[in-house]
Amino acid sequence: MEAIYSLPFFVLEVPHLRLKKPAFIKAPSAMVTFGLILASYFLVTGGIIYDVIVEPPSIGSTTDEFGHSKPVAFMQYRVNGQYIMEGLVSSFLFVLGGAGFIILERSNISGLTRFNRIMLFSFGFFCIIVSFFACRVFMSIKLPGYLR
Amino acid sequence: MVTSAAIYHVLHAINVTIEIRNVCVFLAPLFSSLTTIVTYLLTKELKDSGAGLISAIMIAIVPGYISRSVAGSYDNEGIAIFCMLLTYYLWIKSIKTGSLFWSTLCALAYFYMVSSWGGYVFLINLIPLHVLALMFTGRFSHRVYVSYCTVYCLGTILSMQISFVGFQPVQSSEHMAAFGAFGLCQVHAFVDYLRSKLTDKQFQLLFKSLAITVGVVTVVVGGALTAMDKISPWTGRFYSLLDPSYAKNNIPIIASVSEHQPTTWSSFYFDFQLLVFMFPVGLYFCFSNLSDANIFIILYGVTSIYFSGVMVRLMLVLAPVMCIMSAIGISGILGVYMKNIEFGDSKAKKRPDKKIDTSYPVKSEIATGIVVMMTILLLTYTFHCTWVTSEAYSSPSIVLAASQQDGSRIIFDDFREAYYWLRQNTPEDAKVMSWWDYGYQITAMANRTILVDNNTWNNTHISRVGQAMSSPEDKAYEIMRELDVGYVLVIFGGLTGYASDDINKFLWMVRIGGSTEKGQHIKEADYFTPQGEFRVDREGSPVLLNCLMYKLCYYRFGEVYTEQGKPGGYDRVRNAEIGNKDFELDVLEEAYTTEHWIVRIYKVKDLSNRGV
C-alpha cells in the first residue's frame, strides 16, 4: 500500500512550508458575542428591515393652519407603520431598559466601593424607569386610545 | 385536520357527542393551553422550575401568540406552535441525557410538526445549527452524537411519509444543512475515536489528509449536483426570508399579503410590552452560564428575532422564545435579590458578630424596592395584554364596529348583507369575480362559485383578475367574457371611512396583474400622477380614472354628500373629491349596493342582441 501512495512523490517534490495560524484569530468570547447580538437586536427591533423595504421618511411632516410645515415624529393610528427615527429611538429604549436590569444584576457583587455601588444602582433604576415610561408614552402618542 | 378528526372520534367513542364544528373552533385554545404546559417544561430544563412557572404565565397571555390562537381561528399555527415547542423540549431532554428514548420521542414530535405546518423547515435548520454550534464551541459529546443521529434519521424518514414533503429532504437546499451536519457529526465522532487510539503524530497526519479529502469531495459533489439541478435551490417562500427585497421585486403576490410586511417597533412593543425589555436580560443570563441547552435557546432567540423582523406573521414564532428568555431574566434578577431581603423577625438580625457591609448600604431596602418594581412591571404587562387582546384580537372581522363622536357604537353588517343578497337573488351557477381576499367568505356564505380565493395557488389566474380590474371597461369585458363571469363584487370604503377597501389594495392588483405575460401592457407607473402620487381626484392619472375598479367603486358616488362642507363625491378614506364623477357603465349594471356602500355588486351584461 505504501508503494502506491509513494508513486506521485517520485515526480513531485513536497515543499517545506512553515504556515502557522496567526495568533490573533480566535473564537470570540461569550460576552463579545452577547454584545454583537445586542447590537443586532437594537437594529432589528428598530424596524430596520421595514425601513429598507418600505423606505419611509426619517420624520413625517404636516402643515398647520398657517401653511407652515411641522415635523411629525410618530406615524399615528397604525401599529404597522413607522418613521425611521421613531423606530431607532424606541429600540434604543428597549436596549437601555435591558441594560438597566443587567446593571442591577452586576451591582450585587462584592468588592465594589460604596460610591460605585450607589452609582450603579441609581443608574440601573434610572435606565429601567425612564425607558419603560417613555415607551408607554410613545405608544400612547402613536395609538391614541391606547389603554382606555 | 387529522387532530380534529381524532379528537372528534375519541370523544364520540366515549359517548361525549360534540359537533365537529365545535371541536374545530375550540382546537386552538386547547392546544395553546397545552403549549403553556410545554413551555413550563422547556424552561424548567433550561433554568429551574421558578423560571418555568414565569414563562408559562407569560405565554398564557402574550398577545403575539393569542392573536393566532383565538377560538375560531382554525389555522395551522394553532397546533404548530405546540408541536414545535414539544419537539424542542424533547430535543433538549435528549441532548442532556443522550438516551435513545428521548431522541425517538423527539423524532416522533418532529413528525407531528411536519404534518401540521410548512414552518418545520425552521426546526430542521435550527437543530443542525445547534449541533454545529456545539461542535464549534468544543461541547460535542457522545450524547449530542446519539441524539442528533437518531433525530435526523428517524425524523427524516418519518417526514418523507407526508406527501407534501415527499423527497424534498434529500433534494432541496432547505434540508441540506441537516444532511451536512449529519455527515459532519460522523466525521467528528470518528476523529474523536481515532484520537483516543492513535499516537499524536500519526493522528495529526491522518486528520489533515482526511479533512482535506472530505472537504474537496463535498465541495465538488455538492457543486456538481447543484449545477445539474438535482438539488433544487431555496424556494421563493423561504428565500424571501433570507433576502427580504426578493419578494418585493419578483413575486408581488407574496409581497402583497399584509402579514408578510416587515415589522415595525410598535408591533414588537404592542405584541410583547415588558418582554422586549427582558429579552436581553435573559440572553445575558444565558451567556453567563453557557451550557448545551442554553446555546440552543440563544440560537432560537437570535434567529427568531431576525425572522420576525422580516415578516410580521412570524412574530408568532418569536413569542415563545421571548417568554422563555424573559422568564429566565426575571427569575435571575429575582433570584439574586430575594436573598438580600431581611424580614422583620428573622434571626439573622440578631447576630452581633456579623459585620455590617459599609460598601452596601440599605441592602434589604434596595432588594425590596427591586422586587416591588418587578411586581409592578408584571402587573402592567397583564393590563397591557388584556387590553390588547380585547381591543385588537377579539373582534370578528366580518362585522365592523366603530364608535361615533358621542361614544355610541355603530355596527356595519354590510358584508353579510351582500353575501346573503347574492345567495338569494342570483342563479345557483352564477360566477362572482372579486379580489382573492373575499373568496372563502363568498364561497361559504353566498354559496356561489368564485374565480380566485385566499388559497392563492394559481398566480396566473389571479393576475388575470387583476388585469380585468385594472383595464378600461371594454378590455375588462373581454376578460370577463373569457372567464364567464356573471357578477362582480367590490369593496368600497369611501362613504364610511373603511380603509381596507379595494381602492387601497388597487396597486397590488396592478402589480400582480402586470406580473404575468398577458398583462405586460399594464404598468404601475401609468396609474400615478406625473409627480408620482396616487390620487383619485381631478389630478389623478387618466388611466386610473377610467379603469374598471375605479368605475365600479365610484359609480353614482358623485351624487352622495358624505361630509358637511365638502362637495358631493368626497372620498373619506383618500380625503379627496373624486375626479371622474358623472359616468355611465356600458357593459355592467349595478345589481346591489349595501346600506353603507361598503359592498357593491354589479351584473355583467350579456352581449348585445344585434352586432354593432
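Residues numbered from 1 in each chain as written. Chains lettered and ligands numbered in written order. Predicted model: local features only at pLDDT ≥ 70, side-chain atom pairs only at ≥ 80, totals over all residues. Heavy atoms only, no water.

Visitor: Can you tell me about the packing of helix H22 (residues 459-470) of chain B against helix H24 (residues 502-513) of chain B, naming the residues and giving the values?
Guide: Residues and elements named next belong to chain B. The geometry of H22 relative to H24 is characterised by a closest axis approach of 7 Å and an angle of 120 degrees between their N-to-C directions. Relative to H24, the element H22 lies oblique. Both H22 and H24 take part in a crossing whose hand is left-handed. Here H22 contributes Asn-459, Ile-462, Ser-463, Gly-466, Gln-467, Met-469 and Ser-470 to the contact with H24, which in turn contributes Phe-506, Met-509, Val-510, Ile-512 and Gly-513. Broken down by class, the residue content of the contact of H22 with H24 amounts to 6 nonpolar, 6 polar and no charged. (Axes fitted to C-alpha atoms, helices over the stretch in contact; angles between N-to-C directions. Helix = DSSP H or I, 4+ residues; strand = E, 2+ residues; numbered from the N terminus. Parallel < 35°, antiparallel > 145°, perpendicular 65-115°, else oblique. Left-handed = near helix turned anticlockwise from the far one by under 90°. Contact = heavy atoms within 4.5 Å. Nonpolar A, V, L, I, M, F, W, Y, C, P; charged D, E, K, R; others polar.)

Visitor: Tell me about the pairing of strand S8 (residues 588-593) of chain B, and name the residues and values.
Guide: Within a regular beta strand, the side chains point alternately toward one face of the sheet and then the other, so they alternate between its two faces. All names here are of chain B. Pairing geometry for S8 and strand S9 (residues 599-604), over 5 bridges, is antiparallel. Residue pairing across strands places Thr-593 opposite Arg-600, the latter belonging to S9. Counted along the chain from S8 to the antiparallel partner S9, the turn is 5 residues long, and its residue Trp-597 has a positive phi close to 65 degrees. (Pairing = 2+ DSSP bridges.)

Visitor: Tell me about unusual backbone geometry, and name the residues and values.
Guide: Residues and elements named next belong to chain B. In this model, Asn-15 sits at a positive phi of 65 degrees, which is unusual for a non-glycine residue. Tracing the backbone through its elements, the reader meets Asn-15 in the loop between helix H1 (2-13) and helix H2 (20-46). Residue Asn-15 is classed as exposed on the basis of its relative accessible area of 66%. Residues other than glycine seldom take positive phi values, yet Arg-556 does so here, at roughly 65 degrees. (Buried < 20%, exposed > 50% of the residue type's maximum accessible area, 1.4 Å probe, protein only.)

Visitor: Hey, could you go over the nonpolar core for me, with residue numbers and the actual values?
Guide: Residue and element names in this part refer to chain B. In this structure, Tyr-88, Tyr-148 and Phe-272 are the most contacted members of the largest nonpolar core, which totals 131 residues. No other element matches the 16 residues that helix H18 (residues 315-338) contributes to this core. Judged by nonpolar contacts, the second largest core, of 69 residues, contains Tyr-438, Met-509, Leu-545 and Ala-576. (Core = buried A, V, L, I, M, F, W, Y, C linked by side-chain atoms within 4.5 Å.)

Visitor: Run through the environment of Ile-598 of chain B, naming residues and quoting values.
Guide: All names here are of chain B. Along the chain, Ile-598 falls in the loop between S8 and S9. The exposure class assigned to Ile-598 is buried, which follows from its relative accessible area of 0%. Distance from Ile-598 to Thr-496, taken between C-alpha atoms, is 7.5 Å for residues 102 residues apart in sequence. Beyond its immediate stretch of four places on either side in the chain, Ile-598 contacts Leu-400, Phe-412, Asp-414, Phe-415, Val-490, Ile-491, Phe-492, Thr-496 and Tyr-498.

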